[in-house]
Amino acid sequence: MEYRRCGASGLQLSRLALGLWHNFGEEADPLRCKSMLRYAFDEGITHFDLANNYGPSPGSAEINFGRILKEEFASHRDEMIITTKAGHEMWPGPYGDGASRKSLMSSLDQSLKRMQLEYVDIFYSHRYDSETPVEETMEALSDIVRQGKALYVGISKYPPEQAQKAFELLKANHTPCLIYQDRYNMLARKPEEQHLDLVAKYGVGFIAFSPLAQGQLTDKYLHGIPENSRAAKNGFLTEEQVIRNINTIKGLQAMAIQRGQTLAEMALAWLLKDNRVNSVIIGVSSKEQVADNLKALENTSFSEEELQNINELLP
Ligand code: NDP
């Protein structure tokens, strides 16, 4: 595994992180969850990405992760980077959603209880909340670091102007923003417009979520929608989205074969080729997917011709 220092910080992060948004909730087979986490850790993935609402049901991924941590990784806590987030709707009433001081502080306390942890390594404001002053959110994040409940803080899905303001406020509070998290993959290239330059300017690391466009950038959907796939199971990825992208996916698959990679490997390598991208957070439903995705690290360079051919295929 390759590790990179995150932005201007001293913290090294594995280039692949494992996310627990799907496949680790209360419906998931506990033995399967355990084996995916063990395999990932044994292969050098030290970074595990959670949020208060991951499940289903919301909170259950943190509960399962906490249980597995205790059973399997108790003596390895200092070798792991564990993150959580708050910002999307989590409990009823005015405090279970958004980025107010009340919501963030209460949510983190709940997350620590669910995971049976004293602190997380990174705590994120999960989304920009236009109804809460950024000053309030950043002050709360800084206080969370001072309380020792998180070692570092990050933000996710902030528009560029608000992200810039957040970076400046956190720096002024002496708790610099460690990391910025957003959707980035071959089918969703918005961070290239402003965020990637912005994070580089402020010494903040960038981490990409949904790097495989929820499984579309793999060989999974080339011949239809398999049972038990994300597109068959829930509303986060729809059949219509897959059908809309299928010609692009087929073109990319042919290019991946020419490079001697699977499409998943090429899609991850394509993100990691950019020095501004610290790490990517993969989601998986099997150990085999972790293994395939790890192989991306074996070749992350692209010729100018390959990049141009890929660009011509992308939306
Ligand atoms: P991906 O784009 O990596 O999609 C993961 C899905 O792709 C898997 O569940 C699996 O689908 C399929 N897959 C993965 N590897 C392979 C492979 N080698 N071959 C075939 N299929 C494969 O990431 P996610 O969308 O899951 O997001 C990753 C993480 O990012 C989340 O767990 C979460 O931690 C974070 N995230 C953060 C958000 C934020 O708001 N900050 C929002 C969304 C995600 P299947 O299950 O069908 O087998």
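Structure: see above.
The following paragraphs examine the structure supplied in this document. (Residues numbered from 1 in each chain as written. Predicted model: local features only at pLDDT ≥ 70, side-chain atom pairs only at ≥ 80, totals over all residues.)

What about the site of the ligand?
Going by this rule: We call a residue near a molecule or strand when its C-beta atom, built from the backbone, sits within 6 Å of it. Put simply, DSSP marks the helices as runs of H or I at least four residues long and the strands as runs of E at least two long, and each gets a number from the N terminus on. Three classes are used: nonpolar for Ala, Val, Leu, Ile, Met, Phe, Trp, Tyr, Cys and Pro, charged for Asp, Glu, Lys and Arg, and polar for all others, with Gly counted as polar.
The immediate surroundings of the ligand are formed by 30 residues, with Gly 19, Trp 21, Phe 209, Gly 215 and Gly 283 found nearest. Those elements that place two or more of their residues in the shell around the ligand are β10 (277-282) and α10 (287-294). Per element, the largest residue contribution to the shell around the ligand is three residues, and it comes from α10. Classifying every residue of the shell around the ligand gives 10 nonpolar, 15 polar and five charged.

Here we look at helix α2 (residues 60-72)
Quick reminder of the rule: By this rule, a helix spans an expected 1.5 Å times one less than how many residues it contains. Backbone-placed C-beta atoms define the burial measure: a residue is buried with 20 or more other C-beta atoms within 10 Å of its own, exposed with 12 or fewer, and partly exposed in between. This arc is built from the directions going out from the helix axis to the C-beta atoms.
Spanning 13 residues, α2 covers 18 Å between terminal C-alpha atoms, matching the ideal 18 Å at 1.5 Å per step. Within the span of α2, buried status applies to Ala 61, Glu 62, Asn 64 and Phe 65. Down the axis, α2 shows its buried residues gathered within 165° of arc, on one side only.

Some points on the environment of Ile 155
Applied cut-off: Residues are treated as contacting if the C-beta atoms built from their backbones sit within 7 Å of each other.
For Ile 155, the position within the fold is in strand β7 (residues 150-156). For the pair Ile 155 and Leu 178, spaced 23 residues apart in sequence, the C-alpha separation works out to 8.7 Å. Residues in contact with Ile 155, not counting those within four places in the same chain, are Tyr 124, Ser 125, Ala 163, Ala 166, Cys 177 and Tyr 180.

Honestly, that's just the spatial picture; any functional story needs more than this.
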